[in-house]
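# Architecture at a glance
What follows is the residue order along each chain.
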Amino acid sequence: MRPKRITITPESRPCLPRHVRLRFDELRNAPIVLAPEKVLWPDEISAEILKRCDGRTTVAEIATAFARDYVAPVEEIATDILAFLQGWSDRLLVDVATSDKTGTADVSEVS
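The residue numbers shown here count from 1 along each chain, following its written sequence. Given that the model is predicted, a residue must reach a pLDDT of at least 70 before its local features are reported, and side-chain atom pairs must reach 80 or more before they are shown or counted; all residues, however, enter totals for whole chains, interfaces and linings. The side-chain values count all of the structure's non-hydrogen atoms but skip hydrogen atoms and water molecules.

## Section: the nonpolar core
So the rule is basically this: Each nonpolar core is a collection of buried residues, namely Ala, Val, Leu, Ile, Met, Phe, Trp, Tyr and Cys, held together in the definition by side-chain atoms within 4.5 Å. Any residue under 20% of the maximum accessible area for its type is buried, any over 50% is exposed, and the rest in between are partly exposed; the area is computed with a 1.4 Å probe on protein chains only. In this description a helix means any DSSP run of H or I spanning at least four residues, a strand means any run of E spanning at least two, and both kinds are numbered starting from the N terminus. Note on contacts: a residue pair is in contact if any heavy atoms of the two residues lie within 4.5 Å.
Within the largest apolar cluster, 23 residues are counted, with the highest numbers of intra-cluster contacts made by Val33, Ile49, Leu50, Ile81, Leu85 and Trp88. Elements that contribute at least two residues to this core include exactly strand 3 (30-35), helix 1 (44-51), helix 2 (59-70) and helix 3 (74-90). Non-local contacts of Val33, meaning those with residues more than four positions away in its chain, are made with Val20, Arg21, Leu22, Lys38, Val39, Leu40, Pro42, Leu50 and Trp88.

## Focus: the pattern of salt bridges
Close approach of charged atoms lets side chains of opposite charge pair. Definition in use: Here, a salt bridge means any side-chain nitrogen of Lys or Arg that lies within 4 Å of a carboxyl oxygen of Asp or Glu.
Inspection of every chain in the model, using the stated rule, returns six salt bridges. Lys51 is paired through a salt bridge with Glu48; the nearest N and O atoms lie 2.7 Å apart. With Lys51 and Glu48 both in helix 1 and three residues apart, the pair spans about one turn of that helix. What makes Glu48 buried here is its relative accessible area of 19%. Arg56 serves as the salt-bridge partner of Asp54, at 3.4 Å between the closest nitrogen and oxygen. Via salt bridges that share partners, Glu48, Lys51, Arg52 and Asp69 belong to a single interconnected network.

## Some details on helix 2
Note the threshold: A helix is expected to span 1.5 Å multiplied by its residue count minus one.
In this model, helix 2 (twelve residues) spans 16 Å end to end at C-alpha, consistent with the 16 Å of a helix rising 1.5 Å per residue. Regarding helix 2, the residues found buried are Val59, Ile62, Ala63, Ala65, Phe66 and Ala67. Residues of helix 2 that are buried in the fold lie against strand 1 (14-15), helix 1 and helix 3. Immediately downstream of helix 2, the backbone of Val71 shows phi near 45°, a positive value.

What follows is the structure in structure tokens.
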């Protein structure tokens with residue numbers, strides 16, 4: 001049975017589920033996401049978003065930081081980040097932290 005769909009909002013505090021790992025592949029010099037029976041190669045921006053999914057930072061805070069870092073309108077950045085995270089959530093690759101579940105993003109090896 002598939003879990004209920006999570007809706008990502010600006011107030012959501014995204015995190016990587018325990019079964020998802022964000023790493024850096026030295027051989028290919030690129031970020032890699034490992035999940036059961038899946039290997040994904042996110043682009044640089046996607047990996048940056050995933051690195052910030054620590055279960056404490058809200059989507060709005062992630063968008064604000066990106067807007068500042070990339071000198072872009074926060075409204076546009078927020079829309080893109082929400083769409084990205086919703087897509088990954090729908091594939092069960094991003095979760096939302098709750099009071100009994102904190103972020104478990106394993107991003108220590110991503111540069």
